[in-house]
Amino acid sequence: MPSSTSSFESARPDLVIERSTSAEARIALRPGLRLTAADRPGIAQPVPERDIPDRRWGAIMLAALIMTLLMLGAWEWHWRAFGVEPSIANSDALWATQRRRIDHGEGDGATVLIGSSRMLFDLQLPVWQQLSGTRPIQLALEGTSPMFALEDLADDPNFRNGRLLVGVAPDIFFSGFAYRGGVLKYTRKQSPSQRVGQWLSMHFVEPFLAFDDPDYALPTVLERQDWWPVRPGMHPRKDVRKLMVVVDEDRASHIWDKLEKDPAYAALAQSIWAQHFEPGPGMPSPAELRKTIDEQIARAAVAVAKLRKRNVELIFVRTPSAGGYLAFEDKVFPRAKTWDMLLAKTGAPGVHFQDHPELQGFWLPEWSHLAARDAVRFTAALYRIIEHDVEQRGASRVAKTPER
Amino acid sequence: MVFNSLTFIAFFAIVLAIHSLPLAWKVRKVNLLVASYLFYSAWNPPFVILLWISTVVDWYAAQGLVKAQRPAARRAWMLLSVVANLGMLGYFKYGGFLLANFTALLASVGVAYHAPAPDIVLPVGISFYTFATMSYTLDVYLRRALPARNFLDYALFVTFFPHLVAGPIMRPTELVPQFEQPRRANRQQLFFGLALMTIGMFNKVVLADGFLAHAAEVVYDTDKIPGALDAWMGTLAFSGQIFCDFAGYSTIAIGVAMCLGFAMPDNFRFPYAAIGFSDFWRRWHITLSSWLRDYLYIPLGGNRHGPRRTYAALMGTMLLGGLWHGASWTFVAWGGLHGIYLSVERWLRKRFAGFRPNVWVLLAFGLITYALVNVTWVFFRAKTFSRAWTVLRGMFGTNDKAVPLLSGESLVVVAAIITGLVITHWLMRNRTLETVLARAPAAVLSCTWAVMAFAIIATQGSGNAFIYFQF
């Protein structure tokens, strides 16, 4: 049945230009096909007609709905059996909500955390809050150098009189690698619609669905199957798997407990890190890497100087790593040529886990991130070290700034 | 807001509920108008002002046209509309492009001119709604239609959110009469509208974004040199992506309108089964191609002034049509290639007027058409001519030092989807979706609907904007 019938009459029904073309097109149309504007040149287009197949659409939709719910239920059950629990999505939109806290007045005197995944998983906001009385603003991003955030905060007068902890994971910080480098642009251009969508998702979807995680999106799941042919000449690398869980709207996070409970999953995560430990095609030469390291340190020095003028206390934090990952970092990013130079050039204090016994002896299931209970201990120990430095001012184990 | 977002689902549910209330028709139209402005301002609220300007200018231009007696006065009112609309479009869409070309032109004659970066933000959908409002004034000017009886109906025609930002490009005569009588979808329209929305979402979220976009990005957004396999598969992936993205949008838009009780025109008719390029343009983005034909090609002379003028009109229309898609010479090249294809086809049809191909020859012509359309997509997708030439050389197997780019998984997935897409277009070539759905067993319809809905949710999507929003 048609959903609409033409009721419009052209002001000049006689006006049909290129009649022959139209006639050809009409002849080409078989019965059952709808005419479109393509078949009616040079005239006022009439009200469209849309056929609705004469079916019991209500019953068809109800059956489809039931089957959809059954399939989604099975999908949800599958991922929960794998160990996934519903959690807040670590999205660009969530990061934007935290970044805006500084714009909206919380930047005066705030403690802000930037860095990569180690700062995100390892530093526990509730513990810090319990000890200090203030909850930090968490802006660390996995797989992403904090340089963009450091420079952004350095240029933001709303951030002043506070404290900035900058997580340093050597391979990310000194290479400038930015897996999520577009987050700041997203934040600046985020539309009202995207803000509403983020709020809806965080309150009505994410708390209930375990499979609502980029790791378990259908194309990703299919792509990660073993059945695909490996193309000659290609050396495919596995993507980093899910490692974390966001537990609060302010991005409080910790390592996913599957890494602690499932040795095979932890071994998979280690093997994925190990893909990057050996030189491969596309990797920079030592000279190129040195140049990049120097550039990153120079950028950091400029930002630190700006922040210092606004009375922001900046502390670099070298979070723990272990096993093959630590060996790789020591080999490619040796401390003397990276961390020590960073502190020397910026004049900022730093806390390196290897300098403090209380920051060692933790369990890192996949070499890069602390087990959840150890992240609690680490946070408390780090807080005490930093506060001790504040009290001592210059004489503590924190300050590694050379004499000038 | 984009259709494939939680925000839109919530917005649409509220609009549908309010539209279903037993309110006066005028009140319901005001509700739809307010909802449409909300829909648009959800991107960038200040740009609603541009929408208002376009709306008001064409309303008064059409009123002036009706009252004007002298041809010069009528022409002046028409020109007011054209200049205002094209002026806005020119500034916001082509300002940076024109400035860059002006600077390059001066540099070519030895004048070093460094203009400050204009930093103009493109208002979403401006190309679509300026064409819609211009068609209103032009139809009145050409005496094809009378102006709307009241401002509310006209404003709602311009702003009606299903077609506002990416079409189908509606003509006033298609939509304004629908606002004159009370409309509310019956159950059949509502359920079938939801089915169309599911089909559109499946095309966009699952096929375009989930499975095809990545392969096109790997081939086009890199400096690496592709061989024949990668260049072709990346381009085929884009051909599928842009169809599923844009046809998906149009199908959702038609479904949304149907749920509210309105009818919108077809925008696609299985274009990858086209035999020849005039056939392709009767199947691809129908509302744009017919707009260009009615308001550009025919006024330029069409086929009424001899072969030379016809070919010139054809090329001019396609070049400008290319430029409509984006402020870049690569889009002009895309339009130019289509213009050449259409001109050559026209010449061949006259030269071999008596030729009656059998079904296999027609099939071969169809596949040649699809292959040549893919050549044009290279210029559409590549961000620079340099990249376009690199991919084209790859497609013709003349790239030295080519490296494999696409994984085995990407090759298999793209090949499977594109093969399925092209076969579907051929099977549906002389059918409508509705005629097929009318005969399919109900169980098949339910299962297909469920699988699509599941795939949409399981793919998750990230609310990626539709490709045509940038135009």
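All figures in this text were calculated on a predicted structure; none of them were measured in a lab.

S.K.: Just to check I follow, could you spell out the overall build of chain B for this structure?
M.R.: When helices and strands are tallied, chain B shows 18 helices and zero strands. Scaling as 2.2 N^0.38, a compact globule of 471 residues should have a C-alpha radius of gyration of about 23 Å, and chain B matches this with 23 Å. Dimensions along the principal axes, computed over C-alpha positions, put chain B at roughly 65 × 65 × 55 Å. Counting across all 471 residues of chain B, residues that qualify as buried make up 52%.

S.K.: Which parts of the structure should I look at to understand the interface of chain B and chain A?
M.R.: The extent of an interface is frequently quoted as the accessible surface area lost upon association of the parts. Contact with chain B, which involves 69 residues of that partner, is made by 65 residues of chain A. Counting residues per element, the ones that place at least two in the side of chain B that touches chain A are helix H1 (6-19), helix H7 (172-175), helix H8 (187-220), helix H11 (286-297), helix H16 (408-427), helix H17 (433-439) and helix H18 (442-459) of chain B. Broken down by element, the residue count for the side of chain B that touches chain A peaks at 12 residues, all from H18 of chain B. Residues belonging to the side of chain B that touches chain A are distributed by class as follows: 33 nonpolar, 22 polar and 14 charged.

S.K.: Is there a simple way to think about the sheet that holds strand S6 (residues 313-318) of chain A in this case?
M.R.: Think of a sheet as strands paired side by side through backbone hydrogen bonds, with each pair either parallel or antiparallel. Residues and elements named next belong to chain A. The strand order across the open sheet formed by five strands is S2-S1-S3-S6-S7, and the pairing between neighbours is parallel. This sheet does not close on itself; its edge strands, each paired only once, are strand S2 (137-138) and strand S7 (350-352). In the sheet, S6 pairs with S7 via three bridges, with the strands oriented parallel. The partner of Val 317 across the bridge, within S7, is Val 351.

S.K.: I'm lost on the nonpolar core in this one. Help?
M.R.: It is characteristic of soluble globular proteins that their nonpolar side chains tend to be buried jointly. Counting 163 residues, the largest nonpolar core has Phe 157, Phe 202, Leu 212, Ala 257, Val 414 and Ile 456 of chain B as its most contacted members. Looking at which element gives the most residues to this core, the answer is H8 of chain B, with 20 residues. Beyond its immediate chain neighbours, meaning those up to four positions away, Ile 456 of chain B contacts Met 201, Phe 202, Val 205 and Val 206 of chain B. In terms of nonpolar packing, the next biggest core, distinct from the first, is built from 70 residues, Leu 113, Val 246, Tyr 325 and Leu 370 of chain A among them.

S.K.: Which parts of the structure should I look at to understand the environment of Trp 273 of chain A?
M.R.: Residues and elements named next belong to chain A. Here Trp 273 shows up in helix H12 (residues 263-274). For Trp 273, a count of 18 C-beta atoms within 10 Å gives the class partly exposed. For the pair Trp 273 and Gln 124, spaced 149 residues apart in sequence, the C-alpha separation works out to 24 Å. Setting aside residues no more than four positions away along its own chain, Trp 273 makes contact with Gly 324, Tyr 325, Glu 366, Trp 367 and Ser 368.

Parameters and conventions
Residues numbered from 1 in each chain as written. Chains lettered and ligands numbered in written order. Predicted model: local features only at pLDDT ≥ 70, side-chain atom pairs only at ≥ 80, totals over all residues. Helix = DSSP H or I, 4+ residues; strand = E, 2+ residues; numbered from the N terminus. Rg over C-alpha atoms; globule rule 2.2 N^0.38 Å. Buried ≥ 20, exposed ≤ 12 C-beta atoms within 10 Å, placed from the backbone. Contact = placed C-beta atoms within 7 Å. Nonpolar A, V, L, I, M, F, W, Y, C, P; charged D, E, K, R; others polar. Pairing = 2+ DSSP bridges. Core = buried A, V, L, I, M, F, W, Y, C linked by C-beta atoms within 7 Å.

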